[in-house]
Amino acid sequence: MSKVIAITNQKGGVGKTTTAVNLAAALAESGARVLLCDMDPQGNATSGMGIDKNAATVNIYNVLIGGAEIKGAIRRTRFGDVLPANKNLSGAGVELVEAEDREFVLKTALAPVRDEYDYILIDCPPSLEMLTLNSLCAADTALIPVQCEYFALEGLSDLISTIRMIKRGLNPTLDIEGVLLTMYDSRTNFSAQVADEIKKFFGKKVYSVVIPRNVRVSEAPSHGEPVTTYDRASRGSAAYLELGKEFLKRNK
């Protein structure tokens, strides 16, 4: 039975999709069986894994809303398996409102393939709505990327409140997988101050690996591949490979 991890943060631009893509690639490279489920209508995790999202005619939307077989929607890549998404998913949040057991549609959809993977990573949209709610109800844990800036701290408290609410009412076993510091700029004192504040609050849940600001990490998605293959020697690649190791060590 695989472990399902929702990679989530309601604030955009914190490295959520970048983390989903590169952690999936790092885990697959280590030999783990990984499925990356793209639950963001922007489909950036899909294209970041080298898949043409507009050509993915059978995707997560068809699985959630159309009742398509999940195994027929999964695409194989050299970086790991992907359940793709595109702009069609943008209407799913509204359509799911009328669905029976609407919070658990994704959980039900993933059930047939949970035994085929070690880890299923879900890239959540940058908002707290029905798609994110489905992701957190399907997940065993939530991995939270946090950009090292002041406004990231503000949004974090809302996310933690949401996770607590879901844990109380819908998914009592939901836990925090870890908190990942992203876009860390070692040249500024402020990044260090934000990191210290997050560590005070989350303690050992904060990964020791920190993802630095790195231009190669930003460039890699335009080439349809993780930074771990786009520029193996870059600082960003090294950081995500180390994150993969730390993730596996924690999960043993």
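Check the entry above for the structure.
Residues numbered from 1 in each chain as written. Predicted model: local features only at pLDDT ≥ 70, side-chain atom pairs only at ≥ 80, totals over all residues. Heavy atoms only, no water.

**Student:** Just to check I follow, could you spell out the overall build of the chain for this structure?
**Tutor:** Along the chain, the regular secondary structure elements total 12 helices and 8 strands. At 17 Å, the chain has a C-alpha radius of gyration in line with the 18 Å of a compact globule built from 252 residues. With the C-alpha coordinates of the chain rotated into their principal frame, the extents come out at 50 × 40 × 35 Å. Expressed as a percentage of its 252 residues, the buried residues of the chain come to 55%. (Helix = DSSP H or I, 4+ residues; strand = E, 2+ residues; numbered from the N terminus. Rg over C-alpha atoms; globule rule 2.2 N^0.38 Å. Buried < 20%, exposed > 50% of the residue type's maximum accessible area, 1.4 Å probe, protein only.)

**Student:** Just checking my understanding: could you explain the nonpolar core for this structure?
**Tutor:** Buried together is how nonpolar side chains tend to be arranged in soluble globular proteins. Membership of the largest hydrophobic core comes to 52 residues, with the highest contact counts inside it found for Ile 60, Leu 64, Leu 83, Leu 106, Leu 110 and Ile 122. Among all residues touching Ile 122, those that are not within four sequence positions of it are Val 4, Ile 5, Ala 6, Ile 7, Cys 37, Met 39, Leu 106, Leu 110, Ser 135 and Ala 138. Residues Ala 24, Leu 121, Val 209 and Val 217 belong to the second largest nonpolar core, which totals 30 residues. (Core = buried A, V, L, I, M, F, W, Y, C linked by side-chain atoms within 4.5 Å. Contact = heavy atoms within 4.5 Å.)

**Student:** So what exactly am I meant to see when it comes to the packing of helix α1 (residues 16–29) against helix α12 (residues 235–251) here?
**Tutor:** For any two helices packed against each other, one specifies the inter-axial angle together with the distance between the axes. Between α1 and α12, the shortest axis-to-axis distance is 8 Å and the interhelical angle comes to 70°. In terms of their interaxial angle, α1 and α12 are classed as roughly perpendicular. Crossing of α1 over α12 shows right-handed handedness. Counting all contacts with α1, which are made through Thr 18, Thr 19, Asn 22, Leu 23, Ala 26, Leu 27 and Glu 29, the residues of α12 involved are Tyr 240, Leu 241, Leu 243, Gly 244, Phe 247 and Leu 248. (Axes fitted to C-alpha atoms, helices over the stretch in contact; angles between N-to-C directions. Parallel < 35°, antiparallel > 145°, perpendicular 65-115°, else oblique. Left-handed = near helix turned anticlockwise from the far one by under 90°.)

**Student:** Would you mind going over unusual backbone geometry with me for this structure?
**Tutor:** For residues other than glycine, phi is negative in most cases, and the peptide bonds are mostly trans. Backbone geometry at Asp 101 places phi at a positive 50°, although glycine is not the residue there. Relative to the helices and strands, Asp 101 is located in the loop between α5 (92–96) and α6 (105–110). The class for Asp 101 is exposed, based on a relative accessible area of 53%. Of note, Lys 252 is a non-glycine position whose phi angle comes to about 45°, a positive value. Its place among the elements puts Lys 252 in the segment after α12.

**Student:** What is the right way to read the packing of aromatic side chains from this model?
**Tutor:** The way to describe two aromatic rings as a pair is by their centre distance and the angle between their planes. Under the defined criterion, the tally for this structure stands at 2 aromatic pairs. Ring plane angle 75° and centroid distance 5.1 Å describe the contact between Tyr 119 and Phe 247, whose orientation is recorded as edge-to-face. Of this pair, Tyr 119 sits in strand β5 (residues 119–123) while Phe 247 sits in helix α12, placing them 128 residues apart in sequence. (Phe/Tyr/Trp six-rings, centres within 6.5 Å; stacked < 30°, edge-to-face > 60°.)

**Student:** Whenever I open this one, the packing of helix α8 (residues 150–169) against helix α9 (residues 189–202) confuses me. Can you help?
**Tutor:** Following both chains from N to C, one finds α8 and α9 inclined at 20°, their axes separated by 10 Å at the closest point. With respect to α9, the element α8 is oriented roughly parallel. Note on packing geometry: the crossing formed by α8 with α9 is right-handed. Between α8, through Tyr 150, Leu 153, Leu 156, Ile 160 and Arg 164, and α9, the contact on the second element is made entirely by Phe 190, Val 194, Glu 197, Ile 198, Phe 201 and Phe 202.

**Student:** Honestly, the pattern of salt bridges in this entry has me stumped. Any pointers?
**Tutor:** For side chains bearing opposite charge, pairing can occur when the charged atoms are close. Using the criterion set out here, one finds 16 salt bridges in the structure. With a closest N to O distance of 3.6 Å, Glu 103 and Arg 102 form a salt bridge. On the accessibility criterion, Glu 103 (17% relative accessible area) is buried. Relative accessible area serves as the criterion here: at 31%, Arg 102 is assigned to the partly exposed category. Between Asp 231 and Arg 216 there is a salt bridge; the shortest N-O distance is 2.8 Å. Of this pair, Asp 231 sits in the loop between α11 (227–230) and α12 while Arg 216 sits in helix α10 (residues 215–219), and the two are 15 residues apart along the sequence. (Salt bridge = Lys/Arg side-chain N within 4 Å of Asp/Glu carboxyl O.)

**Student:** Explanation requested: the sheet that holds β5 in the structure shown.
**Tutor:** Note: strands within a sheet are paired through backbone hydrogen bonds, in either parallel or antiparallel orientation. Strand order in the open sheet formed by 8 strands is β3-β4-β2-β5-β1-β6-β7-β8, with mixed pairing between adjacent strands. Of all strands in the sheet, those with a lone pairing partner are β3 (75–77) and β8 (206–212), marking the two edges. Strand-to-strand twist of the sheet, defined as the mean angle between neighbouring strand axes without regard to direction, takes the value 25°. Pairing of strand β7 (residues 175–184) with β8 involves 3 bridges; the strand directions are parallel. By the bridge assignment for β8, Tyr 184 is matched with Pro 212. Against the sheet, α1 contacts β1 (3–7), β2 (34–38), β4 (80–83), β5, β6 (141–147) and β7, and its axis sits at roughly 165° relative to β5. Packing against the sheet, α12 makes contact with β1, β5, β7 and β8, and its axis sits at approximately 165° to β8. (Pairing = 2+ DSSP bridges.)

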